[in-house]
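Chain and residue survey
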Amino acid sequence: MDELNFIHPIKQGEVVILRASVNCVFRTSMEVGVTVLCENLLTGKVSHANTAYLTFVSIDDNGAPVASPRLRPENDNEQRRYADAMRRREERLRRRSKTIDE
């Protein structure tokens, strides 16, 4: 996970709802987007608490990375999430390369 920023606080007694989707699959890894919502059960109000993008790596029984099954975006929303994930990946790789070069 690159970073986690809270948009709205989650208060004691509220229900936390997590919605996750695989945004993009790379060679051995994938980006999963998680939207965190909170619901006040007394009022029924639902608020967007935060969004996070997590990267998971597929590994074999020995812990070595293995190829992941490809993901084909099928609609406009999936295509947008796929393109956004590709941009985030490029930025992560740029930051990693910059850190290694320093």
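As a convention, each chain's residues are numbered from 1 in the sequence order in which they are written. Residue-level local features of this predicted model are given only where pLDDT is at least 70; pairs of side-chain atoms are given and counted only at 80 or more, and the full residue set underlies all totals for whole chains, interfaces and linings. Note that the side-chain values use all heavy atoms of the structure and ignore hydrogens as well as water.

1. Some remarks on the nonpolar core
We call a set of buried residues a nonpolar core when its members are Ala, Val, Leu, Ile, Met, Phe, Trp, Tyr or Cys and they connect through side-chain atoms within 4.5 Å of each other. Summary of the burial criterion: residues with accessible area below 20% of their type's maximum are buried, those above 50% are exposed, and those between are partly exposed, where the area comes from a 1.4 Å probe applied to protein chains only. In this structure, Val32, Val34, Val36, Cys38, Ala49 and Leu54 together form the largest nonpolar core, which totals six residues. Elements represented by at least two residues in this core include exactly strand S3 (29–39) and strand S4 (46–57). Of the residues forming this core, the biggest block, four residues, is contributed by S3. Helix and strand definitions follow DSSP, with helices as H or I runs of at least four residues and strands as E runs of at least two, each counted in order from the N terminus.

2. A short note on the sheet that holds strand S2 (residues 15–25)
At least two DSSP bridges between two strands are required for those strands to pair. If you walk across this open sheet you meet the four strands as S1-S4-S3-S2, and the pairing is antiparallel. Two strands close off the open sheet at either side, each with one partner strand: strand S1 (5–6) and S2. With two bridges connecting them, S1 and S4 associate as antiparallel partners. Across the sheet, the residue bridging to phenylalanine 6 is asparagine 50, located in S4.

3. A closer look at the side chain of arginine 81
On the secondary structure map, arginine 81 appears in helix H1 (residues 76–101). Throughout this description, a polar contact denotes any pair of N or O atoms lying within 3.5 Å of each other; where both atoms belong to protein, one of them has to be capable of donating a hydrogen while the other can accept it, and for residues adjacent in sequence the pair is counted only when both atoms sit in side chains. Among the polar contacts made by the side chain of arginine 81, one reaches the side chain of asparagine 23 at a distance of 2.8 Å. Only heavy atoms matter for contacts: two residues are in contact if any of them lie within 4.5 Å across the pair. Beyond its immediate sequence surroundings of up to four residues, arginine 81 is in contact with Ser21, Val22, Asn23 and Arg88.

4. Concerning the side chain of serine 68
Inspection of the secondary structure puts serine 68 in the loop between S4 and H1. In this structure the side chain of serine 68 is engaged in a polar contact, spanning 3.5 Å, whose partner is the backbone oxygen of threonine 28. The residues contacting serine 68, other than those within four sequence positions of it, are Val25, Phe26, Arg27, Thr28, Ser29 and Ser58.

5. Comments concerning the pattern of salt bridges
Basic side-chain nitrogens of Lys or Arg form a salt bridge, by our definition, when they fall within 4 Å of a carboxyl oxygen of Asp or Glu. Applying the stated rule across the entire model yields six salt bridges. With its nearest N and O atoms 2.2 Å apart, the salt bridge here joins arginine 87 to aspartate 84. Of this pair, arginine 87 and aspartate 84 both sit in helix H1, separated by three residues, roughly a single helical turn. Residues glutamate 91 and arginine 95 are paired through a salt bridge, measuring 3.8 Å at the closest nitrogen-oxygen approach. Residue glutamate 91 and its partner arginine 95 are both found in helix H1; the two are separated by four residues, about one turn of the helix. Shared partners join several salt bridges into a network, and the residues in it are Glu31, Arg88 and Arg92.

6. Describing the packing of aromatic side chains
In summary, the pairing rule links any two rings of Phe, Tyr or Trp, Trp by its six-membered ring, whose centres are within 6.5 Å, and it sorts them by plane angle into stacked for under 30 degrees, edge-to-face for over 60 and tilted for everything else. Within the structure shown, the criterion is met by zero aromatic pairs. Counted as over-ring charges are cases with an Arg CZ or a Lys NZ within 6 Å of the ring centre that also lie within 35 degrees of the ring normal. Stacked on the ring of tyrosine 53, the Lys or Arg arginine 88 has its end atom at 3.6 Å from the ring centre. One residue, arginine 89, lies across the ring of phenylalanine 26, its end atom 4.5 Å from the ring centre.

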